[in-house]
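# Fold and contact review
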Amino acid sequence: QVQLVESGGGSVQAGGSLRLSCAASGSFFRINDMGWYRQAPGKQRELVAAVISGGSTNYADSVKGRFTISRDNAKNTVYLQMNSLKPEDTAVYYCDANIRRYVDGRLRTSDYWGQGTQVTVPS
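## Some thoughts on the state of the cysteines
- Scanning the entire structure with this criterion turns up one disulfide.
- Across a sulfur-sulfur distance of 2.1 Å, Cys-22 and Cys-95 are joined as a disulfide pair. Measuring handedness by torsion sign, the sulfur bridge of Cys-22 and Cys-95 sits at about -85° and is left-handed. A residue pair is termed long-range when its members are at least 10 positions apart, and Cys-22 in strand β3 (residues 18-26) and Cys-95 in strand β9 (residues 91-103) qualify at 73 residues. Of the two residues, Cys-22 and Cys-95, both sit in the buried class.

## As for the side chain of Thr-77
- Looking at the element boundaries, Thr-77 is found in strand β8 (residues 77-82).
- Thr-77 gets classed as buried once you look at its relative accessible area, which sits at 8%.
- Those residues in contact with Thr-77 that lie beyond four places of it in its chain are Cys-22, Ala-23, Ser-70, Arg-71 and Asp-72.

The rules behind the values
- Residues numbered from 1 in each chain as written.
- Predicted model: local features only at pLDDT ≥ 70, side-chain atom pairs only at ≥ 80, totals over all residues.
- Heavy atoms only, no water.
- Disulfide = S-S within 2.5 Å.
- Helix = DSSP H or I, 4+ residues; strand = E, 2+ residues; numbered from the N terminus.
- Buried < 20%, exposed > 50% of the residue type's maximum accessible area, 1.4 Å probe, protein only.
- Contact = heavy atoms within 4.5 Å.

Here it is, written out as structure tokens:
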């Protein structure tokens, strides 16, 4: 049983900031990489940022220098600090976690997704 709960979305003026949070709950052995994706109307879902348990990060070119991904392993939570927001950042943001857990007594790896949180930056 694994669930990802997202929070922190909303509407903010251009140039403003938001902080998204995603907490994983349930029974699992460990969380590997975690990431944030987004999807705007009429566009494909795209990777925004990702971080692995070892600390390495990866960002989309469009958000480099503005967004920062971080994680708190003790809380099983990943964050996305979004600064200098632009109208083109408007999208539904989804949390993803690659998780290893016991299934029938064996370790298996699967991806889990949050329900998404809306971020709106009006023009």
